[in-house]
There are 2 protein chains.
Amino acid sequence: MKLLEDRIITDGKILGQDILKVDQFLTHQVDYQLMKAIGERFYDVYKSSGITKVVTIEASGIAPALYTAANLNVPMIFAKKAKNITMNDELLTTEVFSFTKQITSTVSISKQFLTKNDRVLIIDDFLANGQAALGLLDLIEQAQATPVGVGIVIEKSFQTGRTRILEKGLKMTSLARISAFEDGKIKFATADDAAFDALTK
Amino acid sequence: MKLLEDRIITDGKILGQDILKVDQFLTHQVDYQLMKAIGERFYDVYKSSGITKVVTIEASGIAPALYTAANLNVPMIFAKKAKNITMNDELLTTEVFSFTKQITSTVSISKQFLTKNDRVLIIDDFLANGQAALGLLDLIEQAQATPVGVGIVIEKSFQTGRTRILEKGLKMTSLARISAFEDGKIKFATADDAAFDALTK
């Protein structure tokens, strides 16, 4: 997605060897116009897939997932990282390690919101080693729902997440795919939505 | 806001003495249509207030804040509860106690996203004792920005938050105001946006 790649070049900051910081428009301050455009892109790719639920994980996944759900006209569910006293229903739970926070969280979704009739699109802001997406996939499988695809805003293609998700037989749609950080510059691989456009047009 | 009150009556669940659970449409599963309507209501009230930033706190505040920011055509910032390794900028920080999670979190916003020229609208999903809203107000004041108002989706008017915010001289806009839980039924006070409509029409 050209608009997103351009924005990453303008406002993204490379930290150390393998961290990209995009708190200007995605992970802390949020540019709603970009989120809206992202929601429309995921809609283009998944509009004929019979999606009934969009699932993400709090907190940075919520904005792109919300606009995706709005375009697909389905509910959005955000998996929760901390248990609170209102969560008295039966829960689906899994463990997810966050690379940027360096902690393992128990992530959960109330059983009532995912059923075996659901066809689910996973949306997340980043894909690195795939921990969050695979955790969500685990919850979807526990609910015996059908995982249809994984939509990622920014994929770090030099890490293992992509391979691990493709191995599960899921469709991947990364709107920006970073192949390397070279001399402080960001190199992109062909994004999945661009490949999708080439196939369908 | 009638649409919201009706939804609370249909899908809200009262837990114990003073907890309302709305994970069907706001705090876990999110109804984007309702969020959109909420964003439009806050826009109606604040469209002439020169708002430059909408600020909320992760995670349940993000959806209503995002649509509010979209209507006002300004960025949305969500304050973060946990520090992560990409947060290497100077931070504004404060302490917030969460009643539903029973923990105190350090909540932060990067200094660069709030400046003294900003006019800020605080949006949050719930108001009980006002901890989250007052924490955000503290961050806004640290940045020497101007807090303009507080937009709340659901206020529990029998708790202290409303009074504490009004004492700070801020405008309050609660779209649903719960005055009591009586015999398992939810009683509403006049919502601020309905009062606003009565004043302006």
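Refer to the preceding data block for the structure.
Calculation rules
Residues numbered from 1 in each chain as written. Chains lettered and ligands numbered in written order. Predicted model: local features only at pLDDT ≥ 70, side-chain atom pairs only at ≥ 80, totals over all residues. Heavy atoms only, no water. Pairing = 2+ DSSP bridges. Helix = DSSP H or I, 4+ residues; strand = E, 2+ residues; numbered from the N terminus. Contact = heavy atoms within 4.5 Å. Axes fitted to C-alpha atoms, helices over the stretch in contact; angles between N-to-C directions. Least-squares fit on C-alpha atoms with pLDDT ≥ 70 in both.

> Where do I start with the sheet that holds strand β4 (residues 53-57) of chain B in this structure?
Strand pairing within a sheet occurs via backbone hydrogen bonds; the two strands may be parallel or antiparallel. One open sheet accounts for seven strands, arranged β3(A)-β5(B)-β4(B)-β8(B)-β9(B)-β10(B)-β11(B); its pairing is mixed. Each having just a single partner strand, β3 (29-30) of chain A together with β11 (185-189) of chain B make up the two edges of the open sheet. Direction of pairing for strand β10 (residues 171-182) of chain B relative to β11 of chain B: antiparallel, over a ladder of five bridges. Paired with Glu182 of chain B across the two strands is Lys185 of chain B, which belongs to β11 of chain B. Each of β3 of chain A together with β4, β5 (76-79), β8 (119-127) and β9 (146-156) of chain B is contacted by helix α3 (residues 62-72) of chain B, which is oriented at about 180° to β4 of chain B, the strand it contacts most.

> Is there a simple way to explain the relation of the copies chain B and chain A in this structure?
To go from the first copy of the chain to the second, apply a rotation about an axis and then a shift along the same axis. Of the transformation superimposing chain B on chain A, the axial component is 0.0 Å and the angular component is 180°, with the fit at an RMSD of 0.0 Å. Classification of the inter-copy transformation places it as that of a two-fold axis. In terms of proximity to the rotation axis, the leading residue of chain B is Ala59 of chain B, whose C-alpha is 2.7 Å off the axis. Of the residues that chain B buries at the interface, 100% are likewise interface residues in chain A, meaning the two copies contact each other through the same surface.

> Is there a simple way to explain the sheet that holds strand β4 (residues 53-57) of chain A in this structure?
Pairing in this open sheet of seven strands is mixed, and the strands run β11(A)-β10(A)-β9(A)-β8(A)-β4(A)-β5(A)-β3(B) from one edge to the other. Of all the strands in the sheet, the pair left with one neighbour each is β11 (185-189) of chain A together with β3 (29-30) of chain B. Here seven bridges tie strand β9 (residues 146-156) of chain A to strand β10 (residues 171-182) of chain A, and the two strands are oriented parallel to one another. If you follow Val150 of chain A over to β10 of chain A, its bridge partner there is Met172 of chain A. Sheet strands touched by helix α3 (residues 62-72) of chain A: β4, β5 (76-79), β8 (119-127) and β9 of chain A together with β3 of chain B. Its angle to β4 of chain A, the strand with the most contacts, is close to 180°.

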